[in-house]
Amino acid sequence: MIIWVWDTMKNENNKEITHNVKKDHWYGIGQRLLALVKDRSFYLGVLLVLLMGVLTIKLYNLQVVRGDEYKELAHISTGPVVSMSIDAPRGNIYDRNGVLIATNRQSYKILMSNKDNPQSERDAMYLKMINIFEKNGDTYVNELGKYLASATQWSSSLADNEDKQADFINRIAKKKSHRERIKSAADAFDYLRTERFAIDPLYSDEDAYKIMILRYQTFSFGLSNLLPTVIGTDCCRDTVSEIESRYFEFPGITSELTYFREYVDCEAASHIVGYVRAINSEEYNAMKGDGYTINDIIGKIGIEKTCEEQLRGKNGERKIYLDTSGNIREYSYTPPVPGNDVYLTIDYRFQQNCVEYLADTIQTIASSADGIKNFGDANAGSAVVMKVKTGEVLASANYPNYDNSIFLEPSSNKEAQQAITDLFTDINSPSLNRATQGLYPVGSTFKPVVAVAALMEQAITTKTEIQCQGSITIFEQKHHCLSKHGNLALTEALARSCNVYFMESGIRVGVDTLDYWAKSFGLGEKTGIEISEYAGYRNNEETMKIKEPDSYHVWSDSDTAQASIGQLYNLFTPMQLCRYTCALANGGYLNQPHLISSIRTFNGNVVSDDAAKQLSFEKIAVTDAVIGNVKDGMIEMVNLSSKARVAFKDFPEGFVAAKTGTPETGLEAFGQSSHSVLICYAPANDPEIAVAIVIEHGASGGNSLSLAAEIMKDYFGM
């Protein structure tokens, strides 16, 4: 490369002149390099660069390539590295609109590790700790309390159990001869105080018992210099602040953040949400491979159980070790990952209202006893509301229900533990999720599927008329109707719920074919909903053998007649009834009932949603014409029933399609009311929601009409 430069020279008169000189570009570079080589600082710089390179490579090898290896080696002289689990918060549960139903409250665990200080100082510290716990209403570990309730009393579990008393005495006695000295709770206390723990006699018995609580804890489980023992399980911020501000009085005492489940005004959805409780030994053995410990809390029923894997979160880990000075140091820390949040399909405000409407209706029926059909024994029931086209459950109401918060109380809360015992022994079974586990006869609400079967099998047409004289004799058995309806065809037969019409139609079809169509509409089958459910029973010969195993009963047309009006062995859940109603309303599509709308991470990322479930349905092999004929009968039922007209008077004519049922219990003659069952949907011309109601001993299907009207008015904003 050639460049031009300016060059200055002197002429013969010693004057400077300037002219252009053509020079090689590399000439200047060579001159600079020559000067650089002659400079000592150049060599110093090269040396520094080489040294830095060597050090960088060495550090990379130490920290990255062999970092873990050297990290372990660095602590070999200090003893083992131990791990402490860091609690992860459980995921929240929300309704479809983001209303919080289940969450967590923050609390603290108080931990204690061993310090090499005199026992007298530790006893004084133990007393201070228990006093702080009790002052602030904290929950603390009291293993001694399982045996001694005080300085003079056995615990309730030992009070009348001499074998358990003997086991405890054997555990604390140093010698066999000492056991014979311990005859009472007071003797056991004195022995622990004087012989086993040598607690200063200046302490009162009350204070000595408090000291003894933590002494017994360390006696039973030991006390490590490194891995701390939990002594307070649910402690408030005031306790932590006091310990921190007086840290010199509490050597070896530390605190750690933890979380406890909390339900937010959740009683109306207690059967859906469920509850959490301590893992039992059987569950632990099944789940320990998934990282569970014997101290974990897990979901026991409902969504808490179904979504346990999603809700539980991932515990963090803190690794600690003792340095050469005997101080606890942190080796590594992995933060906990909160559990995923679950969003439900239910509208919680609507759910609460449905529970309230249900409770009010049951109380109204019970208070309206007439001693003829209504004996005032209505006391329980369920109402399910579902989106007709998607299977989303908007409400699943139960009465009676329960407060699932009682399961969050510690075992020391005797009142809560008694409430739990009462819950499972209550004759009305408030713990039962009647919507998915209540099995009920359904009476005349079964007639629409009988109509489908008779039409599809061409046993009748919409114009076929059957004469009703108020009863029919089949196989030498007389079966009664509600009235003498005369000649009537399908639409009027459904509207007036004529037993004779459907008995005759059912016999023409046959029980096996009826069973096929009932199964096609999901009756007597599990719906696949996410929480625990029962399948129930359909009328058929197989069920007869289950229900009457010692009988010589042979199925006859008389049984088919009973089956055709929903009596005999039929037992279905309200959830199945609602699904069946949706299938009638939506043109014969059996959809997937579901309660979970979506699952999201704690920062809002969607893990899964219900899009697939909304599109998950099975087309029943029924024609649109047949479904239309049945729907016409259900619409006409509302038009012809005076009770229905009153209940739905605020809606336009033909807006609601419904079918009532009054299934008998078989004990009406002994003063027990029949049940009240209702299925309905609206708007009839373009259905949005379906409702299924069962009221135990509700006396008449018509008694559920007002409840259905309240639910629909709420949903449609009326």
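Going by the structure above, here's the rest.
Here's a quick rundown of the structure.

### Digging into the overall build of the protein
Scanning the protein for helices and strands turns up 27 helices and 26 strands. For 718 residues, the compact-globule estimate of 2.2 N^0.38 gives 27 Å, and the C-alpha radius of gyration of the protein, at 39 Å, exceeds that figure by more than 25%. Here the C-alpha coordinates of the protein stretch approximately 140 × 110 × 45 Å along the principal axes. Within the protein, the proportion of its 718 residues that are buried is 48%. In the protein, once contacts between residues fewer than 6 apart in sequence are set aside, the share between residues at least 24 apart is 69%. Put simply, the protein shows about 35,600 Å² of open surface, and 50% of that area lies on carbon and sulfur atoms. For the protein, the distance from the average site of its 70 positive side-chain charges to the average site of its 90 negative ones is 7 Å.

### Some remarks on the sheet that holds strand E24 (residues 657-661)
Read across the sheet, five strands follow the order E15-E14-E26-E25-E24 without closing on themselves; strand pairing throughout is antiparallel. Every interior strand has two partners, whereas the edge strands, strand E15 (393-399) and E24, have only one. On average, each strand axis in the sheet is inclined to that of its neighbour by 5°, with strand direction left out of account. Here E24 runs beside strand E25 (residues 676-682); their pairing, made up of five bridges, is antiparallel. Within the sheet, the bridge partner assigned to Ala658 lies in E25 and is Cys680.

### Things to note about the nonpolar core
Grouped together as the largest cluster of nonpolar side chains are 128 residues, with contacts concentrated most on Ile303, Phe521, Phe648 and Ile711. With 41 residues, the next largest nonpolar core counts Tyr126, Leu158, Ala208 and Ile213 among its residues.

### Here we look at the packing of aromatic side chains
Considering all chains together, one arrives at 24 aromatic pairs under this definition. Here the aromatic rings of Tyr247 and Phe248 are separated by 6.0 Å at their centres, their planes lie at 80°, and the arrangement is edge-to-face. Aromatic side chains Phe446 and Phe572 sit 6.3 Å apart centroid to centroid with 35° between the ring planes, which places their arrangement in the tilted category. Here the residue Phe446 occupies a position in the loop between helix H16 (434-437) and helix H17 (447-456), and Phe572 occupies one in the loop between helix H22 (557-564) and helix H23 (574-585), the gap between them amounting to 126 residues. There is no split in this pair, since Phe446 and Phe572 are both buried. An aromatic cluster is present here, built from Tyr147, Trp154, Phe168, Phe197, Tyr216 and Phe219 joined pairwise through their rings. The ring centre of Tyr343 lies 4.0 Å from the NZ or CZ of Arg600, which sits over that ring.

### Re the pattern of salt bridges
Going through the model one piece at a time under the given rule, you end up with 31 salt bridges. Residue Arg96 is joined to Glu392 by a salt bridge in which the shortest nitrogen-to-oxygen separation is 3.1 Å. Here Glu392 lies in the loop between strand E14 (380-387) and E15 and Arg96 lies in the loop between strand E4 (93-94) and strand E5 (100-112), a separation of 296 residues in the sequence. Among the residues examined, Glu392 registers a relative accessible area of 6% and is labelled buried. For Arg181, the salt bridge identified is with Glu195, shortest N-O distance 3.6 Å.

### A few points about the environment of Thr436
Inspection of the secondary structure assignment puts Thr436 in helix H16. Here the alpha-carbon distance between Thr436 and Gly528, two residues 92 residues apart in the chain, equals 10 Å. Every residue in contact with Thr436, bar those within four places of it in the chain, is listed here: Ile529, Ile531, Ser532, Glu533, Tyr534, Thr573 and Met575. One polar contact links the side chain of Thr436 to the main-chain carbonyl oxygen of Ser532, over a distance of 2.8 Å.

### Looking at the side chain of Asp341
As for its placement among the helices and strands, Asp341 is situated in strand E13 (residues 341-344). Within polar-contact distance, the side chain of Asp341 engages the backbone nitrogen of Asn92 at 2.8 Å. Residue contacts for Asp341: discarding those within four places in its chain leaves Gly91, Asn92, Tyr94, Ser598, Ile599, Arg600, Thr601 and Phe602.

### Some thoughts on the environment of Asn586
Note on placement: Asn586 falls in the loop between H23 and strand E20 (589-591). Apart from residues no more than four positions distant in its own chain, Asn586 is found in contact with Val388 and Asn591. Within the structure, Asn586 has its side chain in polar contact with the backbone nitrogen of Gly588 (distance 3.2 Å). A polar atom in the side chain of Asn586 sits 2.8 Å from the backbone nitrogen of Tyr589.

### Comments concerning helix H20 (residues 511-520)
Residues of H20 that are buried include every one of Val511, Leu514, Asp515, Trp517, Ala518 and Ser520, and no others. In the core, the buried residues of H20 are packed alongside H17, helix H19 (499-509), H22 and E20. The first or second residue beyond H20 is Gly522, which carries a positive phi of 80°.

### Side note on the side chain of Asp296
Counting through the fold element by element, Asp296 comes out in the loop between helix H11 (281-287) and strand E10 (297-301). Despite its burial, Asp296 remains without a salt bridge, the nearest opposite charge being carried by Arg312 at 4.7 Å. A polar side-chain atom of Asp296 sits 2.8 Å from the main-chain amide nitrogen of Thr293.

### Remarks on the sheet that holds strand E12 (residues 328-334)
Read from one edge to the other, the open sheet built from three strands follows the order E3-E11-E12, with strand pairing classed as antiparallel. At either margin of the open sheet sits one strand with a lone partner, and together these are strand E3 (82-86) and E12. When strand polarity is set aside, the average angle formed by the axes of neighbouring strands in this sheet is 30°. Note: strand E11 (residues 316-322) against E12, six bridges, orientation antiparallel. Each bridged residue has a counterpart across the sheet, and for Arg318 the counterpart in E12 is Tyr333.

### Here's the deal with H23
If you check H23, its first and last C-alpha atoms are 16 Å apart, about what twelve residues at 1.5 Å a residue would give, namely 16 Å. The element H23 is largely enclosed, with a buried count of twelve among its twelve residues. Along H23, the positions that sit buried rather than exposed are Pro574, Met575, Gln576, Leu577, Cys578, Arg579, Tyr580, Thr581, Cys582, Ala583, Leu584 and Ala585. After H23 finishes, the residue Gly587 shows a positive phi value of roughly 95°.

### Observations regarding unusual backbone geometry
Here the amide bond leading from Tyr399 into Pro400 is cis, since omega sits at 0°, within 30 degrees of zero. Turning to its location among the elements, Pro400 is positioned in the loop between E15 and helix H15 (414-425). Of the consecutive residues Ala682 and Pro683, the connecting peptide bond is found in the cis state with omega at -15°. Topologically, Pro683 is positioned in the loop between E25 and strand E26 (689-696).

### A short note on a nonpolar patch on the surface
On the surface, Leu44, Leu47, Leu48 and Leu51 cluster together into a nonpolar patch covering about 390 Å² of accessible area. Structurally, Leu47 is set in helix H2 (residues 40-65). A relative accessible area of 46% means that Leu47 is categorised as partly exposed.

Quick notes on the rules
Residues numbered from 1 in each chain as written. Predicted model: local features only at pLDDT ≥ 70, side-chain atom pairs only at ≥ 80, totals over all residues. Heavy atoms only, no water. Helix = DSSP H or I, 4+ residues; strand = E, 2+ residues; numbered from the N terminus. Rg over C-alpha atoms; globule rule 2.2 N^0.38 Å. Buried < 20%, exposed > 50% of the residue type's maximum accessible area, 1.4 Å probe, protein only. Contact = heavy atoms within 4.5 Å. Areas by Shrake-Rupley, 256 points an atom, 1.4 Å probe, with all protein chains shown as cover. Lys, Arg positive; Asp, Glu negative; His and termini not counted. Charge placed at Lys NZ, Arg CZ, Asp CG, Glu CD. Pairing = 2+ DSSP bridges. Axes fitted to C-alpha atoms, helices over the stretch in contact; angles between N-to-C directions. Core = buried A, V, L, I, M, F, W, Y, C linked by side-chain atoms within 4.5 Å. Phe/Tyr/Trp six-rings, centres within 6.5 Å; stacked < 30°, edge-to-face > 60°. Lys NZ or Arg CZ within 6 Å of the ring centre and 35° of its normal. Salt bridge = Lys/Arg side-chain N within 4 Å of Asp/Glu carboxyl O. Polar contact = N/O pair within 3.5 Å; in protein donor to acceptor, adjacent residues only side chain to side chain. Expected span 1.5 Å × (residues − 1). Patch = residues over 30% accessible without salt bridge, like charges linked within 9 Å, V, L, I, M, F, W, Y side chains within 5 Å.

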